[in-house]
Amino acid sequence: MSKPKKPQVMKPATAAQKLDVYLPATPREFQEGMVSREELDELQQNPPQWLTDLRRNGPHPRSVVAARLRVSNSGLARAGVTEALTSEEIAALAADPPEWLTRERETYAEAQREQRRLESRRDAPEPSAKPSPKASAKPKPKHKLGAKLSSRLSSNRGRSGR
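Scoring rules and cut-offs
- Residues numbered from 1 in each chain as written.
- Predicted model: local features only at pLDDT ≥ 70, side-chain atom pairs only at ≥ 80, totals over all residues.
- Heavy atoms only, no water.
- Helix = DSSP H or I, 4+ residues; strand = E, 2+ residues; numbered from the N terminus.
- Buried < 20%, exposed > 50% of the residue type's maximum accessible area, 1.4 Å probe, protein only.
- Polar contact = N/O pair within 3.5 Å; in protein donor to acceptor, adjacent residues only side chain to side chain.
- Contact = heavy atoms within 4.5 Å.
- Axes fitted to C-alpha atoms, helices over the stretch in contact; angles between N-to-C directions.
- Parallel < 35°, antiparallel > 145°, perpendicular 65-115°, else oblique.
- Left-handed = near helix turned anticlockwise from the far one by under 90°.
- Salt bridge = Lys/Arg side-chain N within 4 Å of Asp/Glu carboxyl O.

(A) Region of interest: the environment of Gln49. Structurally, the position occupied by Gln49 is in helix 4 (residues 49-57). Residue Gln49 is classed as exposed on the basis of its relative accessible area, which comes to 53%. One polar contact links Gln49 to Asp53, side chain to side chain, over a distance of 2.8 Å.

(B) View of the environment of Ser72. Within the element layout of this structure, Ser72 appears in the loop between helix 5 (62-69) and helix 6 (73-79). In this structure Ser72 comes out as partly exposed when scored by relative accessible area, which is 23%. When the C-alpha atoms of Ser72 and Arg62 are compared, they prove to be 9.5 Å apart, with ten residues separating the residues in sequence. Once residues within four sequence positions are removed from consideration, Ser72 is found in contact with Ala66, Arg78 and Tyr108.

(C) Broad picture of helix 5. Inspection of helix 5 places Val64, Val65, Ala66 and Leu69 among the buried residues, and these make up the whole buried set. Of the surrounding secondary structure, the elements contacted by the buried residues of helix 5 are helix 6, helix 7 (87-95) and helix 8 (99-123).

(D) Region of interest: the packing of helix 5 against helix 7. Their axes nearest at 10 Å, the elements helix 5 and helix 7 cross at an angle of 30 degrees. By the angle class used here, helix 5 and helix 7 are roughly parallel. For the pair helix 5 and helix 7, the crossing hand works out as right-handed. Each of Val65, Arg68 and Leu69 in helix 5 lies in contact with helix 7, whose residues at this interface are Ser87, Ile90, Leu93 and Ala94.

(E) Structural view of the pattern of salt bridges. Summed over all chains, the structure comprises six salt bridges. Between Arg28 and Glu32 there is a salt bridge whose closest N-O contact spans 3.6 Å. Taken together, the residues Arg28 and Glu32, both in helix 2 (residues 28-32) and four residues apart, mark about one turn of the helix. Glu32 matches Arg28 in its accessibility class, with the two residues each being exposed. Linking Glu104 and Arg78 is a salt bridge whose minimum nitrogen-to-oxygen distance equals 2.7 Å. Of this pair, Glu104 sits in helix 8 while Arg78 sits in helix 6, placing them 26 residues apart in sequence. Judged by its relative accessible area of 6%, Glu104 falls in the buried class.

What follows is the structure, encoded as structure tokens:
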């Protein structure tokens, strides 16, 4: 008789990351308890009001801030942005972009272009050069004796004690 399966659970930080929310802004019950996969699925399918508000207004985790500003996480770090930002703060930065944001957007866009170029180059079919039939075929022994010798040698390789 098999034991009933335990539900898989994750730490609140992992669940917050999967939900794209800033953990310290979540309710205390969420921060202190473990979250099962079923609970996570339910939160994604039917988000409660606190989750809807967090996603709309923030504060947002670093990955969401970077995506909304169209820069990389490293770009945020280079600019000294270490705190979570609200949607209002993100909108203010986007409306009147400081020099660092303009520079980081250009850097990020260039990196994205390079990534797409490399992917298309990798996915493109290579020009096929037909290998000659002789190059792919195994070399045949020139003499009958050579054929007998090579077959004997290959059959003797598996034997031990010689």
